[in-house]
Amino acid sequence: MKHLVRGVDHAAFPTFDPAATVKFYRDVLGFPVVHSICAAGWGPDKHPDFIHFFFDIGNDDRLAFFYYFGLEPFDGGPQGDVYAKFDEHIPIWFIRSRHLAIHVDNEADLLEYRRRLDGSQWPVEMQIQHETIESIYTHDPNGYMIEITRALRPVTPQEDLDANLTIDALVDVVSGPNPSMAALLTRKAELIVERAAAWELTSR
């Protein structure tokens with residue numbers, strides 16, 4: 001199947017605080033506003049007027065927000081963002097799994113964004129090296145987790161192969177009873193054995 005997409009056009013989120021959102025992305029991080037849509041009378045009945053505005057995050061990618069006039073923040077639990085509120089019993093790692101990661105080219109660029117954030121109302125909360133990347137994290141004024149990341153080294157073809165084996169094993173395991181990490185690793189080992197002969201032929 002031919003791969004036709006060309007990356008992210010934009011990721012979009014709602015905001016209840018457009019002024020703070022502009023301050024965070026444009027004034028602190030330096031992402032220019034590149035487009036906005038003033039929408040009056042759009043959508044189905046009872047759809048509020050809204051403004052849809054976009055920031056340039058590089059490489060022809062954009063980050064967009066919707067501000068709906070007259071819409072008050074939703075009730076809910078104390079955790080999470082303006083769109084989804086979670087009760088106290090929901091693990092924080094689950095909530096943070098939904099986030100936006102923005103790539104930079106090198107350590108100097110990563111540290112520049114750390115400097116900008118640490119000098120703002122939204123300082124860096126974590127700086128972590130994991131596997132092939134190093135990242136800084138904070139939350140924007142809407143409660144969305146934002147990650148800025150750089151590659152520590154290129155991903156190797158062997159790692160790509162391992163990733164595909166892992167996902168094939170995962171798909172098999174979750175379709176059966178009692179999925180677990182142990183079951184995934186067992187299935188992955190079985191796939192390695194099953195495919196080893198074919199790999200041997202292609203490597204000659």
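Everything that follows concerns the structure shown earlier in this document.
Residues numbered from 1 in each chain as written. Predicted model: local features only at pLDDT ≥ 70, side-chain atom pairs only at ≥ 80, totals over all residues. Heavy atoms only, no water.

## Re the pattern of salt bridges
Okay, step 1: Tallied over the full model, the rule gives 11 salt bridges.
Okay, step 2: Its salt-bridge partner being aspartate 27, residue arginine 26 comes within 2.8 Å of it at the nearest N-O pair.
Okay, step 3: In this structure, the salt-bridge partner of glutamate 159 is arginine 153, at a minimum N-O distance of 2.5 Å.
Okay, step 4: On the accessibility criterion, glutamate 159 (26% relative accessible area) is partly exposed.
Okay, step 5: By relative accessible area, arginine 153 is classed as partly exposed at 37%. (Salt bridge = Lys/Arg side-chain N within 4 Å of Asp/Glu carboxyl O. Buried < 20%, exposed > 50% of the residue type's maximum accessible area, 1.4 Å probe, protein only.)

## Some words on empty space enclosed by the protein
Okay, step 1: What the rule picks out here adds up to 1 cavity of 30 Å³ or more.
Okay, step 2: By volume, the largest cavity amounts to about 60 Å³.
Okay, step 3: Lining the largest cavity are Phe13, Asp81, Arg98, His99, Leu100, Tyr144, Met145 and Ile146.
Okay, step 4: Looking at the lining of the largest cavity, its residues break down into 5 nonpolar, 1 polar and 2 charged. (1 Å grid on protein atoms, 1.4 Å probe; cavity = no way out; pocket = protein on both sides within 12 Å on 5 of 7 lines; lining within 4 Å. Points joined across faces, edges and corners; volume = space filled by probe spheres on them. Nonpolar A, V, L, I, M, F, W, Y, C, P; charged D, E, K, R; others polar.)

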